[in-house]
Amino acid sequence: MTLDQSALVTTARDLLERADPMTAGIWPRATALLARQALEGALDDLWRLRAPGLEHCSARAQLLCLPFYLPGDDKLAERVCYAWAGLSRACHQHPYELPPTSPELLGWLATVEQMVAHVRTLGASGSTRK
Amino acid sequence: MEGQGQAKVVCAWDEGAALEAQKGFVQPKGKPKTSLPALGWKDALVSYRPFLSYNELGSMLDEGPSKLYDALSLVLGLEDLVNAQATLAKSRLDRQQALDGADQEREALVELLKTLLERESDDRASACLDALTSKSWGLDAAEAVLASGALPPVDQDISVLTRALSLDPGDSERVGSVVGALRDADQQLKAVAGSDAETSRQLALLLEAALEFHAGHGDSDCPVCGTKAGLTQTWAESSRKEVDRLRAIASGSDHAYRAASDALRKARELLPPPPKLLAQLFEIGLDGLAAAREQWDGWHAGSTVSDLTAVAIHLETRHEAFASAIQALKKSAAAELKRREDRWRPIATAISEWILTAKEARAGAEHLPRIKAAESWLKDASADIRNQRFAPIADKAMATWEHLRQNSNVALGRIELAGARSQRRVTLDVTVDGIPGAALGVMSQGELHSLALSLFLPRATLSESPFRFVVIDDPVQSMDPARVDGLARALDETARTRQVIVFTHDERLPEAVRRLAIKSTILSITRRPKSVVEVRTALDPIQGHIQDALALVQTTELPVTVLRRLVPGFCRSALEAAFITVVRRRRLAAGRAHGELEDELKGAGKLTPLAALAMFDDRERGSDVMNRLNKFGSWAGDVFRQCKDGAHDEVAGELKLIIRDTERLADKILEFP
């Protein structure tokens, strides 16, 4: 059984907000990993609904296409690009970079949550149309 | 703490209290609680300030030359010299001011005296004026004048007036007794009038001689007139009676004359001529003087009268008028004296008060030349001592700069403390590509920070400092990577004798510290929402990610589906760190520049090109990566793939096994040259 995107985001937020000594120091990167996976999942769902096949393209290509598939909300596409870039950077080992701070993560998480919700709404309306 | 063992410093804030309202205390082990100020480090905290905040790092060279001078010279222990200079200067100024003040007062007093003397002559005033206008201010002379014992010259008004006060017209009682004596003598004279005292006395002598002759020779003829049997017993008896009678006559007349001449003499004593004083008083011009002179002349006229009764009448009739004229004169003389005294007294008081301050001021001013000489000597000596003491600090600063300078074209030569007071400054002999000039202006922020750090470290690590640590806030910022290596070395140098605590959010310093194998403890501090701060000992990045992954697996909070999504991400980071370590080590060993290397690492991007770069020194050979990995065994290729894919999705397989294999693979990767 796999976790759906909403569950991933909720877990990510939990990790961030709950001061659990077990995850001391680990949570920034863990939160980023989960949030990125949720975002990638949401993007995959979007492509499956709207442009099947695009989910196999590079992340860069997907992000370039995004504004055209999120009509009426250019800003969301823009924020998703920004969050994706930040989360990716946080997930990789980079020379001389510290883990993201909690305000950064909170901002990206909010964007991911929006994106997940958006795609879910699309999916719901799409299935009724079918 | 030295000699006290461990101590715990606690700082707490009440709910909602301001940052400044902290409550701090110190708890030395096994000793009573005390406060931070009680440790007595207040001065040392300023002199040997072991903290360098980022703000100070930036501002040290910007705040003006005197601030830097103060910061650097504070540690030289020259306070005593500075204080001595200040004390000398103050002493000189005080003395000079006292002298100037006294001189000003003197001028004011001279003006007062001149004004007074323009109106009237006053010997005291003119004596004081002479004294005060003399070169040495004639303090002793003026003091002598003011002391009432000093007698003024006789022709001066004050003395004339003073003497007028002792004019004596004779009291009426005495006049009365002289008058009585005159009248008595007059009556006695009248009683003996017509008798001849001298004849009687000579006759008595003659008879006495004849009686003696008779007593010696018996009855005989008179030896004087030859009368026969003149000298007989009968004659002798009658002659004795005659002698007694004659003597009485003679003595009564004598007495009367003597009394007359006595009385007259006493009367004349009462009638002296008008004294010269009156003429002198005339020059001053006093009320009642004319009347007094007239009375005195009239009074004195009595002295030429020889008739006793006439003299007695003269005295009786004139004395009252004469005496009251003289009393009136004395009164006006007293009034004049008082008037003058009233004018003089305030001046005299002012002068005598001034004399005290003037004496003090002059006594103080005597030392002025020596004080000035001491000042100039001390100034030179202080400059010498200052630069002697500063030399080791300057040397250390230059040595530190050499560490930090790396590829900078900026060279730091001599550092000197120059100037004094408001001109004090630190001269930095900075050259750019060998050209001296406004070097601070052309230095980059990183170079300026390095220079500030070079000046800070020697001062904070002086052996006189009670602190055996330094705390530096973010010195890495705005330094290029090469300089970070230099910083790490400089800090390592300092850490030989001091505990060095550095705060930074720049990973380059810990990386350099690890790469250069500098002994250190790295703590990582993370901050959750609501400022929940977590402190962990930081491991090198590879071990750090491995340990994080292991910690995640052990959490009971997270469902295994979440862990399957998280653990591969951490493992991938560990592998990335291993690849990066290999590449960086190889490149830096080959003498490549830091900047170039970082660009190359960034360009490699994803895991596979990075692996290719690490293993084949060619990021384009990504397709060969799996083959190469599988040479370690198929587990290596498997775990590489799991890390790569799992970062995006759930992985299957035993998580602990994935972590263990990641660690194994990382060790293998590190073996690449």
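Residues numbered from 1 in each chain as written. Chains lettered and ligands numbered in written order. Predicted model: local features only at pLDDT ≥ 70, side-chain atom pairs only at ≥ 80, totals over all residues.

Trainee: How should the overall build of chain B be read in this particular structure?
Mentor: A count of helical and extended segments in chain B gives 25 helices and 10 strands. When the 673 residues of chain B are sorted by exposure, 30% land in the buried category. Partitioning the contacts of chain B with sequence separation of at least 6, the portion at a separation of at least 24 is 69%. (Helix = DSSP H or I, 4+ residues; strand = E, 2+ residues; numbered from the N terminus. Buried ≥ 20, exposed ≤ 12 C-beta atoms within 10 Å, placed from the backbone. Contact = placed C-beta atoms within 7 Å.)

Trainee: Even after reading the chapter, I still don't get the interface of chain B and chain A, so can you show me in this structure?
Mentor: Accessible area lost on assembly of the parts is the figure often given for the size of an interface. At the interface, 35 residues of chain B touch 30 residues of chain A. Looking at the side of chain B that touches chain A, the elements with two or more residues in it are helix 18 (508-515), strand 9 (523-528), strand 10 (532-537), helix 19 (541-554), helix 20 (560-589) and helix 21 (594-604) of chain B. No other element matches the 10 residues that helix 20 of chain B contributes to the side of chain B that touches chain A. Looking at the side of chain B that touches chain A residue by residue, the class counts come to 12 nonpolar, eight polar and 15 charged. (Nonpolar A, V, L, I, M, F, W, Y, C, P; charged D, E, K, R; others polar.)

Trainee: Which parts of the structure should I look at to understand the pairing of strand 9 of chain B?
Mentor: The side chains of a regular strand alternate between the sheet's two faces. All names here are of chain B. Relative to strand 10, strand 9 runs antiparallel, the two being bridged by six bridges. Each bridged residue has a counterpart across the sheet, and for Thr526 the counterpart in strand 10 is Glu534. Taking the residues between adjacent antiparallel strands as the criterion, strand 9 and strand 10 are bridged by three residues, where Lys530 takes a positive phi near 60 degrees. (Pairing = 2+ DSSP bridges.)

Trainee: It is not clear to me how the confidence of the model for chain A should be interpreted in this structure. Could you clarify?
Mentor: Note: predicted coordinates in regions of low pLDDT should not be interpreted at a detailed level. The predicted model of chain A averages 82 in pLDDT, with 91% of residues at 70 or higher. Taking the mean pLDDT of every element in chain A, the minimum, 82, falls on helix 5 (residues 102-129) of chain A and the maximum, 89, on helix 2 (residues 27-50) of chain A. (pLDDT = per-residue confidence, 0-100.)

Trainee: Which parts of the structure should I look at to understand the environment of Ser73 of chain B?
Mentor: Residue and element names in this part refer to chain B. Within the fold, Ser73 resides in helix 3 (residues 65-73). What makes Ser73 buried here is the crowd of 21 C-beta atoms within 10 Å. Residues Ser73 and Arg389, spaced 316 residues apart in sequence, show a C-alpha to C-alpha distance of 9.3 Å. Other than its neighbours up to four places away in sequence, Ser73 contacts Leu78, Arg386 and Leu417.

Trainee: Whenever I open this one, the packing of helix 19 of chain B against helix 20 of chain B confuses me. Can you help?
Mentor: Packed helix pairs are characterised by how far apart their axes lie and by the angle those axes make with each other. All names here are of chain B. Orientation of helix 19 relative to helix 20, taken along the N-to-C sense of each, is 170 degrees, at an axis distance of 7 Å. Taken together, the axes of helix 19 and helix 20 lie roughly antiparallel to each other. On helix 20, the residues that touch Pro541, Ile542, His545, Ile546, Asp548, Ala549, Leu552 and Val553 of helix 19 are Leu563, Leu566, Val567, Phe570, Cys571, Ser573, Ala574, Ala577 and Ala578. Looking at the contact of helix 19 with helix 20 residue by residue, the classes come out as 14 nonpolar, two polar and one charged. (Axes fitted to C-alpha atoms, helices over the stretch in contact; angles between N-to-C directions. Parallel < 35°, antiparallel > 145°, perpendicular 65-115°, else oblique.)

Trainee: Honestly, the sheet that holds strand 8 (residues 499-503) of chain B in this entry has me stumped. Any pointers?
Mentor: Think of a sheet as strands paired side by side through backbone hydrogen bonds, with each pair either parallel or antiparallel. Judged by pairing direction, the sheet is parallel, and its three strands sit side by side in the order 3-7-8 (chain B) without closing on themselves. A strand with exactly one partner marks an edge of an open sheet, and here the two such strands are strand 3 (51-52) and strand 8 of chain B.

Trainee: For this particular structure, what's the right way to read the sheet that holds strand 6 (residues 435-436) of chain B?
Mentor: Residue and element names in this part refer to chain B. The antiparallel open sheet is built from three strands, whose spatial order is 4-5-6. With partners counted over all chains shown, the strands left at the sheet margins are strand 4 (410-418) and strand 6, one partner each. The pairing of strand 5 (residues 425-432) with strand 6 spans two bridges and is antiparallel. When the bridges of strand 6 are listed, Thr431 appears paired with Pro436. The strands that helix 3 touches are strand 4 and strand 5; relative to strand 5, the one it contacts most, it runs at about 105 degrees.

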